[in-house]
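Tertiary structure, described
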Amino acid sequence: MDAIKSLLVVWKNKENELYYHIGTLNYDGKSYNFEYTYRSKSTRNVIEAQREGYRLHPAFPELKKTYQSETLFPAFNRRIPDTSRLGYYEILKEFSLPTTADRMDVLRETRGKIAGDPYSFEEPLRLNGDKLSTNFYISGMRHRNHLPENWEDYFSVGDLLFAEIEQDNEYDSYAVKIITDNGTHIGYIPGIYAQAVHSLLNQAVPIELQIRQLRPNFAPQWWMRVELTATIELESGNHSYVNNLDGLIFLETA
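Here goes a summary of the coordinates provided. Fair warning: this is a prediction, and the values are worked out from it, not measured in the lab. (Residues numbered from 1 in each chain as written. Predicted model: local features only at pLDDT ≥ 70, side-chain atom pairs only at ≥ 80, totals over all residues. Heavy atoms only, no water.)

All right, on to the overall build of the protein then. When you go through the protein residue by residue, the secondary structure sums to six helices and 13 strands. Within the protein, the fraction of its 254 residues that count as buried is 47%. At a minimum sequence separation of 6, the contacts of the protein that also span at least 24 residues come to 60%. Of the roughly 13500 Å² of accessible surface on the protein, a fraction of 46% belongs to carbon and sulfur atoms. (Helix = DSSP H or I, 4+ residues; strand = E, 2+ residues; numbered from the N terminus. Buried < 20%, exposed > 50% of the residue type's maximum accessible area, 1.4 Å probe, protein only. Contact = heavy atoms within 4.5 Å. Areas by Shrake-Rupley, 256 points an atom, 1.4 Å probe, with all protein chains shown as cover.)

Laid out in structure tokens, this is it:
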């Protein structure tokens, strides 16, 4: 059996600039399914999003229904280039994807982002044994005014970065900033992961961040991609932080 591919469907509230995990898209190699996060314990689930003004996607009008399709849902498929598009394989190369990449692979790398649109697709936190991991692009780098124009000269793929709770953030009580080894604040853990990472840091779980990709010629939201890893002590008897990750963890299947 192939590993199930999963992506978080994320909605950005333009009023408060916060991100909500409103649904999850899964693909098992044969069919796709989409489900809203109405059962999640996260403070950023679809129910909380609705309280902030979110309206269910017109293509998925029923909150508690699991939608299934043998092909990628048109509402999501239109967000990524079609295989018949001129220059499609150049796009794959640009995103370091093989020519055999499927629609989920393309959606993962492009994040399905459309200018001015509130939706994006992000990787979930994955728990494999006691190892928790994910990949994401650092948020807010363009707002760090102290970063030099040639900031890319100060970083290399493989460099380690560090996560630190920002105690006085007035916009997000779960905000986690990302700093360099000399304490320079370069951005934030994306809001969709913030509650989980905040919980881990509060319980002294070591978080490792390693730079995986630098794209200084792209838009700021694509500048720096990092891999997050942590070791969860599942046998410790203290599982509260695992519960706080509800809705974001997807077990790997071989």
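From this point, the discussion proceeds with the structure in view.
It is worth spelling out the environment of Thr66 at this point. Residue position: Thr66 is located in the loop between helix H1 (46-51) and strand S4 (67-69). Beyond its immediate sequence surroundings of up to four residues, Thr66 is in contact with Asn33, Phe34 and Glu35. Among the polar contacts listed, one links the side chain of Thr66 to the side chain of Glu35, at a separation of 2.7 Å. (Polar contact = N/O pair within 3.5 Å; in protein donor to acceptor, adjacent residues only side chain to side chain.)

Turning our eyes to something else, we now look at the nonpolar core. Judged by nonpolar contacts, the single largest core of 35 residues is most densely connected at Ile22, Leu25, Phe34 and Phe76. Taken together, the elements giving at least two residues each to this core come down to strand S1 (5-13), strand S2 (18-27), strand S3 (32-36), H1, helix H2 (74-77), helix H3 (88-94), helix H4 (103-110) and strand S5 (119-122). Ignoring sequence-local partners within four residues, the contact set of Leu25 consists of Lys5, Ser6, Leu7, Val9, Tyr32, Asn33, Phe34, Leu72, Phe73, Phe76, Met104 and Leu107. Of all hydrophobic cores here, the second largest spans 32 residues; its members include Leu125, Tyr193, Leu200 and Trp223. (Core = buried A, V, L, I, M, F, W, Y, C linked by side-chain atoms within 4.5 Å.)

Our focus in this paragraph is the side chain of Asp105. By the secondary structure assignment, Asp105 is in helix H4. In terms of polar contacts, Asp105 uses its side chain to reach the side chain of Arg108, at 3.1 Å.

On to helix H5 (residues 191-202), then. The first and last C-alpha atoms of H5 sit 17 Å apart over twelve residues, in line with the 16 Å expected at 1.5 Å per residue. In terms of burial, H5 is largely enclosed, as ten of its twelve residues are buried. Along H5, the residues that are buried comprise Gly191, Ile192, Tyr193, Ala194, Gln195, Ala196, Val197, His198, Ser199 and Leu200. Looking one or two residues beyond H5, the residue adopting positive phi is Ala204, at roughly 60°. (Expected span 1.5 Å × (residues − 1).)

As a further point, take the sheet that holds S1. Judged by pairing direction, the sheet is antiparallel, and its five strands sit side by side in the order S4-S3-S2-S1-S5 without closing on themselves. Two strands lie at the open edges of the sheet, namely S4 and S5, each paired on one side alone. Each strand of the sheet is rotated relative to its neighbour by a mean of 25°, with strand direction disregarded. (Pairing = 2+ DSSP bridges. Axes fitted to C-alpha atoms, helices over the stretch in contact; angles between N-to-C directions.)

On to the environment of Thr71, then. On the secondary structure map, Thr71 appears in the loop between S4 and H2. For Thr71, a relative accessible area of 54% gives the class exposed. Along the backbone, Thr71 and Arg103 are 32 residues apart, and their C-alpha atoms lie at a distance of 9.1 Å.

Taken as a whole and assessed by the stated rule, the structure comprises 15 salt bridges. Put simply, Lys5 and Asp105 hold a salt bridge, and the shortest N to O gap is 2.9 Å. Note that Lys5 is positioned in strand S1 and Asp105 in helix H4, a separation of 100 residues in sequence. The exposure class assigned to Asp105 is buried, which follows from its relative accessible area of 11%. The residue Asp172 makes a salt bridge to Arg44 at a minimum N-O spacing of 3.0 Å. (Salt bridge = Lys/Arg side-chain N within 4 Å of Asp/Glu carboxyl O.)

The full count for this structure, using the stated rule, is 18 aromatic pairs. A centroid spacing of 5.0 Å and a plane angle of 55° characterise the contact between Trp11 and Tyr54, whose relative ring orientation is tilted. Of the two residues, Trp11 is situated in strand S1 and Tyr54 in the loop between H1 and S4; the sequence distance between them amounts to 43 residues. Taken as a pair, Trp11 and Tyr54 share a single burial class, namely buried. (Phe/Tyr/Trp six-rings, centres within 6.5 Å; stacked < 30°, edge-to-face > 60°.)

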